[in-house]
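# Close look at the chain arrangement
Residue strings, one per chain:
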Amino acid sequence: MEEKPYVFVTRKVPVSSLALLEEIAEVEVWPKEDEPVPYDILKEKAKKATGLFTMLSDRIDAGLLAEAKQLKVVANLAVGFDNIDIEAATEEGVVVCHTPDVLSDTTADLTFALLMAVARRIVEAAEYVKKGDWKNWAPLLLAGHDIHHKTIGIVGMGRIGTAVAKRAKGFDMTVLYHNRKKDYEGERTVGATYVSFDELVSRSDFIVCLAPLTNETINLFTYDTFKQMKESAIVVNVSRGAVIVEEDLEKALENNLIAGAGLDVFKDEPISNGHPLLRFPNVVALPHIGSASKETREEMASLSSQHIINVLKGTKPEAIVND
Ligand code: DGY
């Protein structure tokens, strides 16, 4: 009997998502729920793998890819793929897939929840009650900022940005956006207006970063960027931490250049509770849970599995990054 190709899954994923894959491949799943597979072990596994089912926290670099001689496909459980050296994968003939579309609405929900949490001081207010500090009602008790009828500026208007814009429209907001290129087909349907990056940051009440991490977007938000913002502006980042220079954001908050920040992502994840940005009451920090609903994570896992199945069967997967 012919040996089945070996597929390594770097974290526990919903069991049902692996059922079809297990019919055609020998599947090994990294058994530790909360601990990522150490890089050296991943490299060893990759040497004999035909497929890798990876997470955004796994580093798939040129060194690993060069030694993974049988590897045909890497399926990343995320829409972002900055953890993978795409150029090296392409050189080695490895197909890289990701999971767009299925997570757009869920990530947009989280983006909006984060924006609202900072604007209306939801976390501070909930802690205030839990700590027993609520002794009296007062007109300005934990007063925040309005969201409705304000201006939202979306940096990186793709699928998730479009879903955020639709939610913003429900709040009667003015939607500005900035992309590398102006021609964004959703412009008419979501009624968003293209502006330069500088105009976006200076006009918006909410600056929402959804741009992927690339050579062009790394360190995009510097102290100068924050200086251009309104003092009442709130910055929300649900893309990748390194798009913002964290030290500059810290200084901006210290100097009250902006009113707050909602951060689902950080330059080096996970952060510890000693991270300098956590000391600000007007910062709401989350552990990179943009797409983390049970339904969406199941869909993402099934899609990743399907990508690997397609490559193993010689058919083209839907969401190839390095086509
Ligand atoms: C992704 O899929 O890239 C998101 O960051 C997950 O939340």
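Residues numbered from 1 in each chain as written. Predicted model: local features only at pLDDT ≥ 70, side-chain atom pairs only at ≥ 80, totals over all residues.

### Remarks on the domain arrangement of the protein
You can read the domains of the protein as domain 1 (6-101 + 294-313) and domain 2 (104-285). Taking the mean C-alpha position of each, domain 1 and domain 2 sit 31 Å from one another. Across the boundary between the two partners, domain 1 contributes six residues, which contact seven residues of domain 2. (Domains from an automatic or database assignment. Contact = placed C-beta atoms within 7 Å.)

### So, the environment of Glu-299
As for its position among the elements, Glu-299 is in helix 12 (residues 294-313). Sequence separation of Glu-299 and Leu-103 is 196 residues, and the distance between their C-alpha atoms is 8.4 Å. (Helix = DSSP H or I, 4+ residues; strand = E, 2+ residues; numbered from the N terminus.)

### Digging into the site of the ligand
Around the ligand lies a shell formed by Leu-56, Ala-78, Val-79, Gly-80, Leu-103, Thr-107, His-288, Gly-290 and Ser-291. Tallied by class, the residues present in the shell around the ligand amount to four nonpolar, five polar and no charged. (Near = placed C-beta within 6 Å. Nonpolar A, V, L, I, M, F, W, Y, C, P; charged D, E, K, R; others polar.)

### Examining the nonpolar core
In this structure, Ile-154, Val-164, Ile-207, Val-208 and Ile-234 are the most contacted members of the largest nonpolar core, which totals 53 residues. With eight residues, helix 5 (residues 104-119) is the single largest residue contributor to this core. If near-sequence neighbours (up to four positions away) are discounted, Val-164 is found in contact with Ala-108, Thr-111, Phe-112, Ile-154, Val-208 and Leu-210. Formed by 40 residues, the second largest nonpolar core is a distinct cluster that contains Val-13, Leu-21, Trp-30 and Val-94. (Core = buried A, V, L, I, M, F, W, Y, C linked by C-beta atoms within 7 Å. Buried ≥ 20, exposed ≤ 12 C-beta atoms within 10 Å, placed from the backbone.)

### A word on the sheet that holds strand 8 (residues 192-194)
Reading across the sheet, the seven strands line up as 8-7-6-9-10-11-12 and stay open at both edges, with parallel pairing between neighbours. Edge positions in the sheet fall to strand 8 and strand 12 (283-285), since each of these pairs with one other strand and no more. Looking at each pair of strands side by side, their axes are set apart by 20° on average, direction ignored. Pairing geometry for strand 11 (residues 260-263) and strand 12, over three bridges, is parallel. By the bridge assignment for strand 12, Gly-262 is matched with Val-284. (Pairing = 2+ DSSP bridges. Axes fitted to C-alpha atoms, helices over the stretch in contact; angles between N-to-C directions.)

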